[in-house]
Structures are given as structure tokens and as C-alpha cells.
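Examining the three-dimensional arrangement
Chain by chain, the residues run as shown.
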Amino acid sequence: MTITPTSRLRDVSRVSAPQALAIQNFLQGAVYCWCKNRPDEWFSLRDLMGGTNFYWEDTPLIALYEKHKGTSADPVKAAGQDAGWILKSVVSRDTRTFETREANMIREYRWRRDDA
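Nothing here was measured: the structure is a model prediction, and the numbers come from that model.

1. Description of the packing of aromatic side chains
- Going through the model one piece at a time under the given rule, you end up with 4 aromatic pairs.
- Centroid distance Trp-34 to Phe-43: 5.8 Å. Interplanar angle 45 degrees. Geometry classified as tilted.
- Residue Phe-43 is classed as buried on the basis of its relative accessible area of 0%.
- Ring centres 6.4 Å apart and planes at 75 degrees place the aromatic pair Phe-54 and Tyr-55 in the edge-to-face group.
- Classification of Tyr-55 as exposed rests on a relative accessible area of 58%.
- Among the aromatic residues, those joined into a ring-pair cluster are Trp-34, Phe-43, Phe-98 and Tyr-109.
- Across the ring face of Trp-111, the terminal group of Arg-96 is positioned such that the distance to the ring centre comes to 5.4 Å.

2. Description of the nonpolar core
- Of all hydrophobic cores here, the largest spans 26 residues; its most connected members are Leu-27 and Leu-64.
- Broken down by secondary-structure element, the contributors of at least two residues to this core are helix H1 (17-37), helix H2 (45-49), helix H4 (75-93) and strand E3 (106-111).
- Leaving out residues up to four positions away in the same chain, Leu-27 has contacts with Leu-45, Met-49, Leu-61, Ala-83, Ile-86, Leu-87 and Val-90.

About the criteria used
Residues numbered from 1 in each chain as written. Predicted model: local features only at pLDDT ≥ 70, side-chain atom pairs only at ≥ 80, totals over all residues. Heavy atoms only, no water. Phe/Tyr/Trp six-rings, centres within 6.5 Å; stacked < 30°, edge-to-face > 60°. Buried < 20%, exposed > 50% of the residue type's maximum accessible area, 1.4 Å probe, protein only. Lys NZ or Arg CZ within 6 Å of the ring centre and 35° of its normal. Core = buried A, V, L, I, M, F, W, Y, C linked by side-chain atoms within 4.5 Å. Helix = DSSP H or I, 4+ residues; strand = E, 2+ residues; numbered from the N terminus. Contact = heavy atoms within 4.5 Å.

Structure, rendered in C-alpha cells:
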């Protein structure tokens with residue numbers, strides 16, 4: 001459907017097409033879980049994949065960390081930024097409508113259940 005208000009999307013470079021697809025599918029699953037369990041709450045990449053979910057080993061997201069390791073002063077932060085851009089594109093292509101806002105220097109989303 002859409003993100004309201006409309007927001008600019010960016011491509012993430014230096015990941016293969018299969019890696020990108022795996023990351024997108026992984027994040028789409030996380031969005032579905034969030035919307036099922038916390039349908040009226042705002043979420044961000046930090047909510048889905050940060051905090052106690054910071055350990056990305058054995059997930060598709062590790063490819064983002066690996067691409068920045070050795071080339072970035074803070075590969076964790078850089079991988080998180082890439083994952084945030086991918087999350088934004090996943091949410092924008094979802095069949096549902098989401099609201100978006102910037103809060104606490106991060107992008108947040110909330111499912112608009114009125115379109116269900």
C-alpha cells in the first residue's frame with residue numbers, strides 16, 4: 001500500500017541480490033509479528049532488531065555488518081543504518097498502510113489498521 005507521509009527510499013549497496021532478498025523477507029516477518037502482537041504501537045528497526053535482538057549472527061542481517069567490518073569506524077552503526085533503509089523499503093511495499101514519523105533521531109512506523 002503506502003507509507004504516509006511519503007518518504008524517500010534509498011538502495012543499499014554492496015549486498016548481493018540473494019542477500020538483499022533474504023534481509024527483506026526477514027524484516028517483513030518481523031513487521032508481521034510486530035503488527036500481530038502490538039498493532040497500535042510505533043516501531044523502528046531498533047525495536048525489531050536492537051536491544052535483546054542485537055545478536056545478528058545466523059540471520060540475514062549479518063551480511064550488513066560483514067560489509068562494514070574493517071571499512072567503517074562503527075560497523076554496527078553503519079549496518080543498522082543500512083537495515084533501517086531496507087526496513088523502510090519493506091514497509092513501503094507492504095500491502096498494508098503505515099504511518100511514519102521521525103522521533104528520537106530514528107524513523108518509526110505504525111500500522112494504520114483502518115485499511116485492514
